[in-house]
Amino acid sequence: MEQSPRHPEQAPSTAWHTLEPGEVWQRLDSTERGLGASEARRRLVAQGPNRLPAARRPSALRRLLSQFHNLLIYVLLAAAAITAALGDWLDTAVILGVVLINAVIGFVQEGKAERALEAVSAMLARKATVWRDGRRLEIDATDLVVGDVVWLESGARVPADLRLWQVNSLGIDEAALTGESVPVDKNTEAVLQAAALGDRSGMAYAGTVVTQGQASGVVVAIGSDTELGRIGQLVSAVHSLTTPLTRRLDQFARQITLAILVLSGVVFWYGSQIGERPVLEMFLAVVGLAVSAIPEGLPAIVTITLAIGTAAMARRRAVVRRLPAVETLGSVGVICTDKTGTLTKNEMTAVEVHLAGEMIEVSGAGYAPQGEFSVAQRAIDPSQRPELMRLARCALLCNDAHLHPDQDGVWTLAGDPTEGALLTLALKAGLDPEQAQRESPRIAAIPFESEHRFMATLHRNASAEVMALLKGAPERVIGLCTRDAKGQTLDVEAWRSRVREAAGQGQRVLALAECEMPPDAEALTMDDITPRFTLLGLVGLMDPARPEAVKAVAECQRAGIRVLMITGDHAATAAAIGAGIGLHAGKPLTGTEIDQLDDAALRQRLGETDVVARASPEHKLRLVASLQASGQLVSMTGDGVNDAPALKAADIGVAMGQRGTDAARQAADLVLTDDNFASIAAAVREGRRVFDNIKKALLFIIPTNGGEAGIILLAVFAGLAMPITAGQILWVNMVTSVTLDIAIAFEPEEAGVMQRAPRPPREPLITRLLLMRIGYVSLLMVGACFWVYHWELGRGSSLEVVRTAVVNMLVVSQVFYLFNVRHFTASALRWETLMGNPIAVAAAVMTLVLQSLFIYAPPMQQLFGTGALDLTAWALIIALASAIFLAVEAEKALLRRRGVQRM
């Protein structure tokens, strides 16, 4: 229902599409001559300008500060403050560096979808032609008021919501508002109050574009009261959702923070009270414990992994506007997608030609004249079919559209999409437009009018024969024909049956006919259009599915992802397209049904079909909310203004970059630069790889922290000298973060990544299996480190050498463990382990070089309190690291026997 403009002359919530023009004039206190200048000024003051409110955007400073709003970051900043208070500036610098790198990367990459209202505002027309005081004027569209009379013509953008009262062959492209794939014919008739937005033939809505004809209408809503403005209000009312990754990381941060605080308190109490150690010594031990337990490299490695995924998606023509969106696509269970321009090309295409006695299929999609004709799946030569060539010639000549390839070879249309489809059909048949027009130039025409529902043209050929060509609505054209192209008496009922059959398949059907005229005919009038024409045939048109979209939908379904098509098109058209791309299209759900169903009934009805037709922006929002309430992670794909609210409400919004409106692009998290649904499947694959790598990073980082913390705990409870200092712990964390951690971000995807079901939305970041692996490896590392610790003490080594050996044991075991982590459960005992990720090998070599400097370089020995190790120590360390590697492989083999493939 249209929203009420803000002025006293109007009753609230008026359904303008239900009123006759006379009643509209009366309610708005206006006339066909338009408002007077003084009255227009008064209303402008009362109603305000015809524009949408500007969106409020967060400042750059606020966006930067928001990057620090994370519990794990707070803990790291607290640790930095403590180390700074103790004068440990190296540790402080390392921690702050990690925090700042994370914040800068997030600030640069992340783009919040808060500019959607500005993009919607840009769709409003800048100028408007109005009648005031009986004079035709051009004014700024912002000065329009309710009651103004506006003149529309071809190419104009509708400046406000209008109730039409005079129409001449008016067609309006409402695709951005309703999803309708073809221009809508308009008239002045009132319709039922329950009529969907796309069925309100007597209305013209702000932001839509006139494709043909002229009209006059009276303004019934301006600014935020228009349908376009209402969508803007829906966008602003929708709160951006947190992503699964941010929710999981927040949960993990809370858990690990609580665990560190509790454990630190217990250790401090035990050491100082039970162990009777000095308070300062225990305070330093607790600081070392906190530094060891905090995975300070995790925020940075997560951000870097997401940034690498962003770059990979950009190469696959998917631009990420919000960094966590990289991973979110890998988690979605439902992709709600628009039809027009997303699954389809948004280019009308002739798919069937019905001639007398046969039906010919036409291949190819869009306006490119590439395709062939076939009968019963056998290709035919159109030049050998005279009836087909007659129809193609009529389609070419009785046509005002023009097609031409641009500099990239993409065929573009100037004119009506339906005529563009007919012109493409003629080109596929081998006709040359320029030659045909030279041989049979047009000498007169009757343009298409909604009243008579056909277009007719008059042509004279080189033999001085004059022919009238006709195309239009089948029920109108068939009524003007007496015979078919074979000269047989026309079987009207048989042809009407073929029309119904094609329409039932979602096709828009046109009939084409011809009639020989007197040789001296120079004009064509309605009196000449009488029942004497020859019916050449019918052409079935559709906005066809993209061939690559069919494959992408199938790939998503194999990956356990449901594809739900939501469109403003009619149910029959939507069902036909849905069935063609492999969706469950039986019993499509309509917008009218959605209005009548409660939430429980809607969830049940959604389980019966993958197709939703005649959907408004509110319907799309409700559908997204219903799916989310069912525990689904939802992606919304679209390109129109009408998609913007749902794009923002979904867990991840995906907009089309080429045909998409600015409103859709700026409300989305991900923008596909090639408008190709197939890119979504590639993005899902990349999203799953990114999340797998984040989990692998956790699987790698946390056992190291666990091993370090375990060493300190065991030393405190056993009353031993500290086997490792806080500075040495930070060295281990720093050197592995710079090298080994980052190598994990470049891991290729796991085998079968698109053959597994999406992760449950509520699945924790640290699953039971992952926690078991972390605990298992942590114990192995602690055991190996204490083996080396006691072995070196038994050899009489100094405390500096003992601690150096423990640090070396930690680092070398991490180098070996890195190659365990490359696959969750697949065996690492194969050549691919070394060759599959060259960066991992380079990182391992770099780590060992840095560790050698840590052990043998005098400045490093002085800074970190280390001592040189002999070859015997190295041999023991490598042997123990190899044992850890084999122990982890044994555990993976056990998991494989149990059928576990992911953690």
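The structure presented is a predicted model; accordingly, all values stated were derived computationally and were not measured.

With that settled, consider the overall build of the protein chain. When helices and strands are counted, the protein chain shows 33 helices and 27 strands. In terms of its C-alpha atoms, the protein chain occupies a principal-axis envelope of roughly 120 × 70 × 50 Å. Out of the 903 residues belonging to the protein chain, those deemed buried represent 57%. Once local pairs closer than 6 in sequence are excluded, the contacts in the protein chain between residues at least 24 apart make up 72%. For the protein chain, the exposed surface amounts to about 35,600 Å²; the carbon and sulfur share of it is 57%. Taken as two groups, the 84 positive and 94 negative side-chain charges of the protein chain have centres that lie 4 Å from each other.

This part takes up the packing of aromatic side chains. Taken as a whole and assessed by the stated rule, the structure comprises seven aromatic pairs. Look at Tyr 270 and Phe 717: their rings are 4.5 Å apart centre to centre, the planes differ by 55 degrees, and that puts the pair in the tilted class. Taken together, the residues Tyr 270 in helix 9 (residues 244–274) and Phe 717 in helix 26 (residues 678–718) connect sequence positions 447 residues apart. What makes Tyr 270 partly exposed here is its relative accessible area of 22%. Plain terms: the ring middles of Trp 731 and Phe 854 are 5.0 Å apart, the flat faces sit at 10 degrees to each other, and that makes the pair stacked. With Trp 731 in helix 27 (residues 726–745) and Phe 854 in helix 31 (residues 838–856), this pair connects stretches of sequence that are 123 residues apart.

Here we take up helix 28 (residues 768–794). Between the first and last C-alpha of helix 28 there are 39 Å, a value that for 27 residues agrees with the 39 Å anticipated at 1.5 Å per step. A positive backbone phi angle near 80 degrees is found at Gly 796, which sits one or two residues after helix 28.

As a further point, take the pairing of strand 2 (residues 135–140). Inspection of the sheet shows strand 1 (residues 127–132) paired to strand 2 by six bridges, in the antiparallel sense. Along strand 2, the bridge assignment pairs Val 130 with Leu 137. What sits between the antiparallel neighbours strand 1 and strand 2 is a turn of two residues, in which Asp 133 has the positive phi angle 55 degrees.

To continue, consider the confidence of the model for the protein chain. Mean pLDDT for the protein chain: 85, with 90% of residues reaching 70 or above. Looking over the protein chain, one finds the lowest element-wise mean pLDDT in helix 6 (residues 116–122), namely 39, and the highest in helix 14 (residues 386–397), namely 97. Across residues 109–125, where pLDDT falls below 50, the model places 66 contacts with residues more than four positions away in sequence or in other chains.

Attention now moves to the sheet that holds strand 26 (residues 652–656). A sheet is described by the order of its strands in space; here eight strands give the open sequence 8-27-26-25-9-22-24-23, paired in mixed fashion. Because the sheet does not close on itself, it has two edges, and the strands there are strand 8 (318–320) and strand 23 (589–590). As defined by bridge partners, strand 9 (residues 334–337) adjoins strand 22 (residues 562–566) across four bridges and the pair is classed as parallel. Note that in strand 22 the partner of Val 334 across the bridge is Arg 562.

The next point concerns helix 19 (residues 547–558). The α-helix winds at 3.6 residues per turn, so residues separated by three or four positions along the chain end up facing the same way. In a regular helix each residue adds 1.5 Å, so 12 residues correspond to 16 Å; helix 19 covers 17 Å between its end C-alpha atoms and thus fits that length. Looking only at helix 19, the buried set comprises Ala 549, Ala 552, Val 553, Glu 555 and Cys 556. Down the axis of helix 19, the smallest arc covering the buried residues is 160 degrees, so these residues share one side. The outward face of helix 19, more than 90 degrees from its buried face, is lined by the exposed residues Pro 547, Lys 551 and Arg 558. Those residues of helix 19 hidden inside the fold are in contact with strand 9, helix 13 (339–343), strand 22 and helix 26.

About the cut-offs
Residues numbered from 1 in each chain as written. Predicted model: local features only at pLDDT ≥ 70, side-chain atom pairs only at ≥ 80, totals over all residues. Heavy atoms only, no water. Helix = DSSP H or I, 4+ residues; strand = E, 2+ residues; numbered from the N terminus. Buried < 20%, exposed > 50% of the residue type's maximum accessible area, 1.4 Å probe, protein only. Contact = heavy atoms within 4.5 Å. Areas by Shrake-Rupley, 256 points an atom, 1.4 Å probe, with all protein chains shown as cover. Lys, Arg positive; Asp, Glu negative; His and termini not counted. Charge placed at Lys NZ, Arg CZ, Asp CG, Glu CD. Phe/Tyr/Trp six-rings, centres within 6.5 Å; stacked < 30°, edge-to-face > 60°. Expected span 1.5 Å × (residues − 1). Pairing = 2+ DSSP bridges. pLDDT = per-residue confidence, 0-100. Arc of directions from axis to C-beta.

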